[in-house]
Structure formats: C-alpha cells, structure tokens
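Each chain, letter by letter, is given below.
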Protein chains: 2
Amino acid sequence: MQAIDFYFDFSSPYGYLAAQSADGLGERQGVGIRWRPILLGAVFKTTGAAPLVDLPLKGDYARRDMARAARRLGVPFTFPANFPFNSVAAGRAFYWLDEQDPVQARGFAKAIYHAVFGEGREMESPDAVADEAAKLGIDPDALKAALQDSEVKNRLRRAVETAIAKGVFGSPFFLVNGEPFWGHDRMHDVEEWIRTGGW
Amino acid sequence: MQAIDFYFDFSSPYGYLAAQSADGLGERQGVGIRWRPILLGAVFKTTGAAPLVDLPLKGDYARRDMARAARRLGVPFTFPANFPFNSVAAGRAFYWLDEQDPVQARGFAKAIYHAVFGEGREMESPDAVADEAAKLGIDPDALKAALQDSEVKNRLRRAVETAIAKGVFGSPFFLVNGEPFWGHDRMHDVEEWIRTGGW
C-alpha cells in the first residue's frame, strides 16, 4: 500500500472537516497520508464549476450542511466573512515547509484550517499566514520571503497541475492507489477501501 | 414525527441507490416515507446546474462512484445508454397511481428504477413505462391515457414547484421536519436525525 494523497484547498470548508480525521484514518490503517493543498480556482477553470456556496439553493444548503457536519464531528465551525478567499499564500507556505519538515507542514496546515474555519479569521494575506506560522515557531520573515520564491511558486503550481491531471476536481479529494474519492462524506469508504483492498 | 419527504428523479442514479434503503430506514425508525418524484431538469433551470455526468472530470468520477456505491450496497447497476432521460412519463404515472394506491405507486417506482439502473433499459417513452407497469397488474392503456390527463400533469408540476419552493435542488433529497439532506450518502445522517431529534 502506497501513501494516500489527500488533496484540499485551504479555503474549502469540507476540506477542513476532512483534515480533522485524515491522519487518524491513516494511523488506524497503517498508511501514510500525503497532504496536498491545491487551488480550487484553477481547478474550476478546467471544470467550469463555481464555488458551492455561490450556487442558488445549493449554497444555502451547503452552509447549513457544513455547520451540521461540524456539530456532528464535535469540531468548532465559524463561517469566515472573507469567503471564498485566495489560498495561494497558505498553499505556497505549506510546500515551502513540506520540503524542510513534512510534520511541521502538516501542523501548519491544521493551524491555518483552524484559524479560518474554527475561528473565522482571514488567512488570505501573507501577513496573516506568517503570523499564524510564527505561533508554531516558524520564522515569519523567512516565510514571507519564500512566498515570492519562484521555486516555491512552482511547487504549488505543479501540485495543482498534477492534481488536475489525476482527475481531482474538488476538495477534499483522496486518491488510494489511483482510486478516487471525493468529499469528506466518503472517508468511511476510503478507510474501507484501504482495509479491504477495494470492492 | 411527521412523514419524511423523499424527493428523487427517476433519471437519477443516486436516487436509485437511495430508493433501495429509504423504506427500510422508515421502518426502523417508525416513520412514513413519502416518495416524491420530481424533474431535475426543471430544478436545474432554477439553480443553473447541469447533469452531473456531463461535467468535465466530475462526470467521469460520478459514473465510477455510482457503480462503486452500488457494488458496496450489493445492488445491480447498469448505466443506461439513454441518459439523462426525460422522466415525465414515469413521474406522471407515479402521481396517478399514488392518488389511488400509494403502496402500488411505491412498487411501481421501485420497478421503474430497477428497469433503468438495474437493467439499463429505456424508460422515457410512455410505452416502456406502461409495459413495465403492466407487469405489476396495472392497466397499461389506462396509464397511457392518464399521462395526458391535465389533472395528472398538474400533480407532477405542483410537486416540482413545491419541491423547489422548499429548497430541493438535487436527487435524492430528504426533508425531515424541514431539515434538508441531499444525497444518498446522507442517509445515515437522516436516520440519526430522526432517531435523536437532531443535533
């Protein structure tokens, strides 16, 4: 069993919900989870999709469903005023950290998600992202410099291109040895697929 | 606890999957399930949505996910060549039957769904729908006449309008005392909501 790819956008509420249990799933099944932030805006250019919460009827439902799912999971949920937001800064920072220390990168991802959807805070600006990272002992100035580094920019770009090439069109999205699962509500299936080898 | 409304389109594969377990859910929880066929084409005019399987990336995923979910449930699944199809005939026939005998109407709905997604057969034409109904002892000529009856037509039209007014935008869709749940993958939540009174 290879590692599982866990694709998400930092501006995705359902990605936030999936992030609560992704590592636990991996630990129970003895497989690694590779966190892979992407940019849904770029993906939506390919698919022609629009942000869920902007859609008539569906948008209202989605807001209700997100909050309801969070209550069921027992995790805090605050819908951010700034939504959807551009998650380029958080995504670049993730891949910069991931190159040095994947464990720290994962901790950073959880902290960003908690700030956005647990507390409803703005995490679009480099300053907000750097301040949040600083709480984890990450040098905020080095982080802000990295956001402008062409190699770091390319890493996020390539991650998005790779995801689209693999058929990823939403967040969260899991690939288990090539088998695609979309949505936090498919995580039981993801786990069962790993456990049984598929059906 | 009032009856639960179960909205679906006869051309919806996920509606077919939900139909397999809707009545069982109601029986376990001691509540009635009101089957309510609608026309997603009319709903999509309101929401601007497109049929799932026509969307780039998402469409391919959906076909795979439907077949996978059916295997998991242990129900037959054959994707019909004629898809999406106009389910007006099946919808009108349902409401015509429902007025006389709701139990028979439900049996008819299950038979139509099985013909379409269990066996991949065409169920758009009045003849196909009437032939299927005949196997259940329903007079096919009376059914075909009913499809042109203005009162029967109005019943389906009103059902669609009511659904849209209540915020229904997809199939399957459940309303539990006003609480909306979209998707066959929310049926565990539907059941838990009924059992606990919500969270």
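Presented here is an overview of the structure given in this document. All values derive from a computational prediction rather than experimental measurement. (Residues numbered from 1 in each chain as written. Chains lettered and ligands numbered in written order. Predicted model: local features only at pLDDT ≥ 70, side-chain atom pairs only at ≥ 80, totals over all residues. Heavy atoms only, no water.)

Notes on the nonpolar core
- In this structure, A:Phe6, A:Trp35, A:Phe108 and A:Leu143 are the most contacted members of the largest nonpolar core, which totals 72 residues.
- Apart from residues lying up to four places away in sequence, A:Trp35 is in contact with A:Phe6, A:Phe8, A:Ala19, A:Ala22, A:Asp23, A:Phe94, A:Arg106, A:Ala109 and A:Lys110.
- Core analysis: the second largest hydrophobic core is formed by 71 residues, B:Phe77, B:Phe94, B:Phe117 and B:Phe173 among them. (Core = buried A, V, L, I, M, F, W, Y, C linked by side-chain atoms within 4.5 Å. Buried < 20%, exposed > 50% of the residue type's maximum accessible area, 1.4 Å probe, protein only. Contact = heavy atoms within 4.5 Å.)

Some details on the relation of the copies chain A and chain B
- For the pair chain A and chain B, the superposition axis carries a translation of 0.0 Å, the fit reaches an RMSD of 0.0 Å, and the rotation angle comes to 180°. Overall, the copies show the geometry of a two-fold rotation axis. Closest approach to the rotation axis within chain A is made by the C-alpha atom of A:Asp185, at a distance of 3.5 Å.
- The overlap is high: 97% of the interface residues of chain A also sit at the interface in chain B, so the same surface is used on both sides. (Least-squares fit on C-alpha atoms with pLDDT ≥ 70 in both.)

Digging into the pattern of salt bridges
- Following the criterion strictly, the structure yields 40 salt bridges over all chains and no others.
- A salt bridge links B:Glu179 to A:Arg68; its shortest N-O distance comes to 2.8 Å. With one member in each of two chains, B:Glu179 in strand β4 (residues 179-182) and A:Arg68 in helix α3 (residues 58-73) form a pair that bridges those chains.
- Assessed through its relative accessible area of 8%, B:Glu179 is described here as buried. (Salt bridge = Lys/Arg side-chain N within 4 Å of Asp/Glu carboxyl O. Helix = DSSP H or I, 4+ residues; strand = E, 2+ residues; numbered from the N terminus.)

Details of the sheet that holds strand β1 (residues 4-8) of chain B
Residues and elements named next belong to chain B.
- In spatial order, the strands read β2-β1-β3-β4; together these four strands make up an open sheet with mixed pairing. Both edges of this open sheet fall to β2 (33-37) and β4, since each of them pairs with a single strand only. Taking the axes of each pair of neighbouring strands and ignoring which way they run, one obtains an average angle of 20° across the sheet.
- Bridging between strand β3 (residues 173-176) and β4 involves four bridges; their strand directions are antiparallel. From the neighbouring strand, Phe174 faces β4, where its bridge partner is Phe181.
- Each of β1, β2 and β3 touches helix α1 (residues 13-29); the most contacted strand, β2, lies at about 160° to it. (Pairing = 2+ DSSP bridges. Axes fitted to C-alpha atoms, helices over the stretch in contact; angles between N-to-C directions.)

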